[in-house]
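Working through the structure, step by step
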Amino acid sequence: MNRPDLTIPVADAVKQHWVDRHLPVRLRPYARLARWERPIGWWLLLWPCWWSAAVAAHADGAALPNLWHMLLFLIGAIAMRGAGCTWNDILDRDLDGKVERTKLRPIPSGQVTTKQAAAFMVAQALVGFVVLIQFNWFSIWLGISSLLIVAIYPLMKRITDWPQVVLGLAFSWGALMGWAAAFGRVDAPALLIYAAAILWTVGYDTIYAHQDKDDDAIVGVRSTARLFAHNTQRWVGLFYALTVATWVGALIAIGAGPIAYGGVLAFAGHLAWQVGTLRIDDPDRCLMLFRTNREAGALPFLGLLAEMALRMM
């Protein structure tokens, strides 16, 4: 029996990433389980955390978000995104082998066993737990309560046309955590940022899912990309418009000034550009637009930072 080639990257990995250039070959399958060579995922998990931390800092009259919390959220986002992706690959190991984009993932390609993947998932979750216990008790229990949504998300594509909504519920949880870490509770601004992040996630993940829609139809995987079909631009435009409107609601709730609104306006412009240039039958463009949400997520955050800095002058 031929041994699997551990040097072959998956289809949508960042080309010439450090994982494929510098990591020892035997460790690369584990890096691919955690999606280290696709950092966009942990950025998208991190932005709601940092959004919330910045909104909380502005509401508290601070000059900057809590930098220790920001670092913890960064480490936690990388660890928990990796654990979640590994869990997803364990559950989807049979489906992944039937989809062109995912057939070279470590489990279906035989690079790691299911038991090895499970052990790696536990190790990453333990890192996330160590991060979590640095926060107050309310935040700890709030973080633990997200695990049920994280656990069931990979199953949703089998039973609903709206798995992106469940992804949004899980991926946006940090929007509650940033505020909770600062105040030990959840208030209206945090809930509004959480809603904005969910809506944003549905939009960008619908774009992402258009890469796989043909294979998904064959294997029976459901998604908003398949549901919206040729009406995708309208639907993504609606979800993005609601994202911006909800962000504005959060800024109103904390009494933000014009610079913060400018950041959200720039965010709105970026999202409008995504919708206007989307080509759902061009997988490469869908992937490119999806990845630009790393920069999009920075815009409202930087607007808040700029306003807080100006306020302290």
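In the block above lies the structure referred to throughout.
Quick look at the structure, then. (Residues numbered from 1 in each chain as written. Predicted model: local features only at pLDDT ≥ 70, side-chain atom pairs only at ≥ 80, totals over all residues. Heavy atoms only, no water.)

Attention now moves to the pattern of salt bridges. On inspection of all chains with the given rule, the structure shows nine salt bridges. Of the charged contacts, one joins Glu37 and Arg38 as a salt bridge, the two residues approaching to 3.5 Å between their closest N and O atoms. For the pair Glu37 and Arg38, a shared accessibility class is recorded, and that class is buried. Its salt-bridge partner being Arg158, residue Asp92 comes within 2.9 Å of it at the nearest N-O pair. Residue Asp92 is located in the loop between helix H4 (67-91) and helix H5 (93-96), and its partner Arg158 is located in the loop between helix H8 (147-156) and helix H9 (163-171); the two are separated by 66 residues in the primary sequence. Taking relative accessible area as the criterion, Asp92 reaches 3% and is therefore assigned buried. Each member of the salt-bridge network shares a partner with another, and the members are Arg35, Asp89 and Arg105. (Salt bridge = Lys/Arg side-chain N within 4 Å of Asp/Glu carboxyl O. Buried < 20%, exposed > 50% of the residue type's maximum accessible area, 1.4 Å probe, protein only. Helix = DSSP H or I, 4+ residues; strand = E, 2+ residues; numbered from the N terminus.)

Right, let's talk about the nonpolar core for a bit. Ranked by size, the top nonpolar core spans 72 residues in total, and within it Trp50, Trp51, Phe73, Trp200 and Trp247 carry the most contacts. Ranked by residues supplied to this core, first place goes to helix H3 (residues 40-59) with 15 residues. (Core = buried A, V, L, I, M, F, W, Y, C linked by side-chain atoms within 4.5 Å.)

What follows is about the packing of aromatic side chains. Applying the stated criterion across every chain, the model contains 24 aromatic pairs. With a centroid separation of 5.5 Å and 55° between ring planes, the pair formed by Trp47 and Phe301 is classed as tilted. Of this pair, Trp47 sits in helix H3 while Phe301 sits in helix H17 (residues 293-311); the two residues are 254 residues apart in sequence, bridging distant segments of the chain. Trp47 sits in the buried class, given a relative accessible area of 5%. For Phe301, a relative accessible area of 6% corresponds to the buried category. Aromatic pair Phe73 and Phe135: ring centres 5.2 Å apart, planes at 20°, arrangement stacked. Here the residue Phe73 occupies a position in helix H4, and Phe135 occupies one in the loop between helix H6 (114-132) and helix H7 (137-145), the gap between them amounting to 62 residues. This pair shows no difference in class: Phe73 is buried, exactly as Phe135 is. A connected cluster of aromatic rings, assembled from ring pairs, spans Trp51, Trp200, Tyr204, Tyr208, Trp247, Phe267 and Phe290. Looking at Lys157, its charged tip hangs above the ring of Tyr153, at a distance of 5.6 Å from the centre. (Phe/Tyr/Trp six-rings, centres within 6.5 Å; stacked < 30°, edge-to-face > 60°. Lys NZ or Arg CZ within 6 Å of the ring centre and 35° of its normal.)

Let's shift gears to the layout of surface pockets. Within this model, the second largest pocket holds a volume of roughly 160 Å³. Along the walls of the second largest pocket sit Met80, Ala83, Gly84, Trp87, Met121, Ala125, Leu147, Val150 and Ala151, which together make up its complete lining. The leading source of residues in the lining of the second largest pocket is H4, at four residues. Looking at the lining of the second largest pocket, its residues break down into eight nonpolar, one polar and no charged. (1 Å grid on protein atoms, 1.4 Å probe; cavity = no way out; pocket = protein on both sides within 12 Å on 5 of 7 lines; lining within 4 Å. Points joined across faces, edges and corners; volume = space filled by probe spheres on them. Nonpolar A, V, L, I, M, F, W, Y, C, P; charged D, E, K, R; others polar.)

Residue position: Asp212 is located in the loop between helix H11 (188-209) and helix H12 (213-219). When sequence neighbours within four positions are dropped, the list of residues in contact with Asp212 reads Val99 and Arg101. (Contact = heavy atoms within 4.5 Å.)

Of note, Leu23 is situated in the loop between helix H1 (18-22) and helix H2 (28-33). The residues contacting Leu23, other than those within four sequence positions of it, are Trp18, Arg28 and Ala31.

Before going further, it helps to examine the state of the cysteines. Taken as a whole and assessed by the stated rule, the structure comprises zero disulfides. Between Cys49, a free cysteine, and Cys85, which holds the nearest cysteine sulfur, the sulfur-to-sulfur gap is 15 Å. Note on Cys49: relative accessible area 8%, which makes it buried. Cys286 takes part in no disulfide bond, and the closest cysteine sulfur, belonging to Cys85, lies 19 Å away. By relative accessible area, which is 0% here, Cys286 ends up buried. (Disulfide = S-S within 2.5 Å.)

Okay, the side chain of Gln124 next. Take Gln124: it is sitting in helix H6. Judged by its relative accessible area of 6%, Gln124 falls in the buried class. A polar side-chain atom of Gln124 sits 3.1 Å from a polar atom in the side chain of Thr86. For Gln124, the contacting residues outside a window of four places in its chain are Ala34, Ala79, Met80, Gly82, Ala83 and Thr86. (Polar contact = N/O pair within 3.5 Å; in protein donor to acceptor, adjacent residues only side chain to side chain.)

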